[in-house]
Amino acid sequence: MHPNKLPKSIRFISFVQIRVAFDGVPWAFIDMAISREISDIDNRFYKAADPFFAAHPDQALTYDDVTLATLYSDILPRDTQLDTTLADGLDLNIPVISADMDTVTESRMAIAMALNGALGLIHYNMEERQQLSEVSRVKNHVHGLIQEPIKVSPDQLIGDVLKMVEERKFEFRTFPVVDDSGKLLGLLPGHVVKQRYAKRKVVESLTPRDQIQTIRKKEIAKDPITRADKFFTDHPGIHKLLVVDDDDKLHGLFTMSDVERITQEKKAQFKPARDSKFRLVCGAAVSATRNMFGELDRDLIVAHVGALVERGVDVVAVSTAHGFSKGVGETVKMIRDAFPKLPIIAGNVTSAAGVEFLADAGANAIKVGQGPGSICTTRVVAGVGIPQLTALYVTAQAAASKRVSIIADGGITKSGDIVKALTLSQAVICGGMFAGCPEAPGQIMEINGKRYKQYRGMGSLAAMKAGSAARYGHSTTTPAKVAPEGVEALKEATGSVDVILTQLIGGIQSGMGYLGAANLAQLRQKARFIRVSPAGIREAGTHDIVEVKTGRVETGQ
Ligand code: IMP
């Protein structure tokens, strides 16, 4: 066959192969290469999203109902890119979000997610004041120069400092000491912040001003991290560098570990997700709060979002069980009008009309998922909801025409589910996958020698009593009288977020390698689906073996 007559469907043949063929390798070789790539036989069985879902209009499908067909690939998994844009100004390096649930995401989880290039949504089952300080903690974490370091005053007792460390869950104990005007007096070293010195005053225990290392603010203006990095190399044993102005007033603090992490980041494939000021990204959930007359409390909602924005929040999520509802639409519109540029996530929906409704109200990214969550009983209690893959396909059609993103929320139990979800969406939200991590709120409990953490639905009775009833359209004052749509459960304690994300990212990259997709846009464009039989599902898992584990996965614990 002459090359000009090659069918258009040959998309993956590479330049090198053509040149080799022109150089004298028989055309039969090319024919062989071609038939390995795309064939009409494949096309009859493995279908792109449109023909596949059109062929299944009367059956709602979820992740395990389908599998993806492999395609010719010249992409190595490790070379695939996972960056995603959820809204103007909201870019992630990893398309994974930790759920805004009170047993999943507070500042510690959000920090770990952002450091991995992902995003955490801080839940709203807490006082507004506390949610604001959780956001601040994320935004102030490791951004090289800590501009507002926590300070102590010379007259404070060490006991008071200890109390502050415990109450605010600080992971450090060394504090600059300043006078009323902000002038630096010394450094309180961590090794004296101990119960045995509780009755001593800070002034008796500090390292005095003339013995601590400082740098002038104007000296670091150009490239603070390189300057601080050089300082730590030149001063072995010094781990903190304080920044002062010409009047010796404190303006910031570098710690060696922060600086080292940031210099390391420059080499990492998946860089932390940061805002334009180099702070970690952070999201926060807001609720469609109603006043005592049952009307949306506009002032309260706008003031809440305003306070979050002041703390530097990158995105707010209007999180409810039924996003295609008047109150949620009005809440989104209220926030959009008050904060024209703020990225807004809203949900949850499972219909095209629901996506259009929230997009028209001003949302940038729409959460899709009603009933797939591991702790969720919505489908059982209300008889409502759509299996996740069909819901994603239907909503993705509307999202494309409205130019908004889709986030697959709930039901993810393995990395393969994420690959399938990303064929139709821009990111996934996981609750259960992260609930056993040390970074999730809550203590580890031991039962029969096994270690667990609590994981509960935000629509469980206990969570609704703690504040989330509005998410399920119930009164916050009488949650005990309603039917819960979630359960309280336990998750086995797992390794850290770093360990879990490494596994998930590895799986996503493998999936992309099998499909020859270099990035997420190519994954969405190339995916070919086929239904799996119950026997096929059994075949997909390990079977007919006794599994033995000799290699150990680093758990990070
Ligand atoms: P998972 O990742 O399968 O554990 O699901 C987490 C998702 O379930 C969350 O992001 C929410 O969208 C959803 N969810 C959280 N709490 C409840 C509940 O009580 N009932 C129903 N869905 C819930």
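Chemist: Can you tell me about the side chain of Thr378, naming the residues and giving the values?
Modeler: Within the element layout of this structure, Thr378 appears in helix H14 (residues 378–382). Looking at Thr378, its side chain comes within polar contact range of the side chain of Glu485, at 3.0 Å. The contacts of Thr378, once residues within four sequence positions are left out, are Gly371, Gly383, Val384 and Glu485.

Chemist: I'd like a description of the sheet that holds strand E20 (residues 444–447), backed by residues and values.
Modeler: What the 3 strands build is an open sheet, ordered E20-E21-E22; its pairing is antiparallel. In this open sheet, the two strands that pair with only one neighbour each are E20 and strand E22 (488–492). The mean inter-strand angle of the sheet, taken between neighbouring strand axes irrespective of direction, is 45°.

Chemist: Could you give me a rundown of the pattern of salt bridges, with the residues and numbers involved?
Modeler: Enumeration according to the criterion identifies 17 salt bridges in this entry. Lys414 is the partner of Asp64 in a salt bridge, and the nearest nitrogen-oxygen pair spans 3.1 Å. With Asp64 in the loop between helix H4 (49–54) and strand E2 (66–68) and Lys414 in the loop between strand E18 (405–409) and helix H16 (415–422), this residue pair connects regions lying 350 residues apart in the sequence. One salt bridge in this structure joins Asp246 and Lys218, with 3.1 Å as the shortest N-O distance. Of this pair, Asp246 sits in the loop between strand E12 (240–244) and strand E13 (250–255) while Lys218 sits in the loop between strand E11 (214–216) and helix H9 (224–234); the two residues are 28 residues apart in sequence, bridging distant segments of the chain. According to the relative accessible area criterion, Lys218 is exposed, its value standing at 60%. Beyond isolated ion pairs, a larger network of salt bridges with shared partners links Lys139, Asp275, Arg279 and Asp314.

Chemist: Give a description of the site of the ligand that names residues and reports values.
Modeler: Surveying the vicinity of the ligand reveals 24 residues, the closest of which are Ser374, Asp409, Tyr455, Gly459 and Glu485. Contacts to the ligand include Gly431, whose backbone N or O atom sits 2.8 Å from an oxygen atom. Between the ligand and Glu485, the relevant distance is 2.7 Å, taken from a nitrogen atom to a main-chain nitrogen or oxygen of the residue. For the ligand, whose unbound accessible area comes to 500 Å², protein coverage reaches 95%. For the shell around the ligand, the residue count by class is 9 nonpolar, 12 polar and 3 charged.

Chemist: Could you give an account of the packing of H16 against helix H19 (residues 497–515), with specific residues and numbers?
Modeler: Following both chains from N to C, one finds H16 and H19 inclined at 50°, their axes separated by 8 Å at the closest point. One element, H16, and the other, H19, form an angle in the oblique class. The two elements H16 and H19 meet at a crossing, and its hand is right-handed. Between H16, through Ser415, Ile418, Val419 and Leu422, and H19, the contact on the second element is made entirely by Gln503, Leu504, Gly507, Ile508 and Gly511. Considered class by class, the residues forming the contact of H16 with H19 number 5 nonpolar, 4 polar and no charged.

Chemist: Provide a residue-level description of the environment of Tyr472, including the pertinent values.
Modeler: Positionally, Tyr472 belongs in the loop between helix H18 (461–465) and E22. For the pair formed by Tyr472 and Ser460, sequence separation is 12 residues and the distance between their alpha carbons is 9.9 Å. Those residues in contact with Tyr472 that sit more than four places away from it in its chain are Ala321, Met458, Gly459, Met464 and Glu485.

Chemist: Pulling in residues and values, what's your account of the pairing of strand E23 (residues 528–531)?
Modeler: As judged from the 2 bridges shared by strand E1 (residues 47–48) and E23, these two strands associate in the antiparallel manner. Bridge pairing links Lys47 to Phe529 in E23. Sheet topology places E2 next to E23; 3 bridges connect them, and they run antiparallel. Looking at the pairing, Leu68 lines up with Phe529 of E23.

Chemist: Can you tell me about the packing of aromatic side chains, naming the residues and giving the values?
Modeler: Taken as a whole, this structure holds 7 aromatic pairs when the rule is applied. Consider the rings of Phe172 and Phe175, whose centres lie 5.7 Å apart with planes at 55°: the pair is tilted. What makes Phe172 partly exposed here is its relative accessible area of 39%. Classification of Phe175 by relative accessible area gives buried; the value is 0%. Residues Phe324 and Phe357 carry aromatic rings whose centres are separated by 5.2 Å and whose planes lie at 55° to one another, so their mutual orientation is tilted. Residue Phe324 is located in the loop between strand E15 (315–319) and helix H12 (326–338), and its partner Phe357 is located in helix H13 (residues 352–361); the two are separated by 33 residues in the primary sequence. Look at Phe324 and you get partly exposed, because its relative accessible area is 36%.

Chemist: An account of the sheet that holds strand E7 (residues 145–146) is needed here, citing residue identities and associated values.
Modeler: Taken in spatial order, the 4 strands line up as E7-E13-E12-E11 in an open sheet, and their pairing is mixed. Each edge of the sheet is formed by a strand with only one pairing partner; in this case those strands are E7 and E11. In the packing of H9 onto the sheet, the strands contacted are E11, E12 and E13, and the crossing angle to E13 comes to about 65°.

Chemist: With reference to specific residues and values, describe a nonpolar patch on the surface.
Modeler: On the surface, a cluster of nonpolar side chains totalling about 300 Å² of accessible area is made up of Ile41, Phe45 and Tyr46. Mapping Ile41 onto the fold places it in helix H3 (residues 40–45).

Chemist: Describe the pairing of strand E3 (residues 84–87), naming the residues involved and giving the relevant values.
Modeler: Judged from the 3 bridges that link them, E3 and strand E4 (residues 90–92) form a sheet pairing that is antiparallel. The residue of E4 that forms the bridge with Ala87 is Leu90. Linking two consecutive strands that pair antiparallel, namely E3 and E4, is a turn of 2 residues; a positive phi of about 90° is found at Gly89 within it.

Rules of the game
- Residues numbered from 1 in each chain as written.
- Predicted model: local features only at pLDDT ≥ 70, side-chain atom pairs only at ≥ 80, totals over all residues.
- Heavy atoms only, no water.
- Helix = DSSP H or I, 4+ residues; strand = E, 2+ residues; numbered from the N terminus.
- Polar contact = N/O pair within 3.5 Å; in protein donor to acceptor, adjacent residues only side chain to side chain.
- Contact = heavy atoms within 4.5 Å.
- Pairing = 2+ DSSP bridges.
- Axes fitted to C-alpha atoms, helices over the stretch in contact; angles between N-to-C directions.
- Salt bridge = Lys/Arg side-chain N within 4 Å of Asp/Glu carboxyl O.
- Buried < 20%, exposed > 50% of the residue type's maximum accessible area, 1.4 Å probe, protein only.
- Near = heavy atom within 4 Å.
- Areas by Shrake-Rupley, 256 points an atom, 1.4 Å probe, with all protein chains shown as cover.
- Nonpolar A, V, L, I, M, F, W, Y, C, P; charged D, E, K, R; others polar.
- Parallel < 35°, antiparallel > 145°, perpendicular 65-115°, else oblique.
- Left-handed = near helix turned anticlockwise from the far one by under 90°.
- Phe/Tyr/Trp six-rings, centres within 6.5 Å; stacked < 30°, edge-to-face > 60°.
- Patch = residues over 30% accessible without salt bridge, like charges linked within 9 Å, V, L, I, M, F, W, Y side chains within 5 Å.

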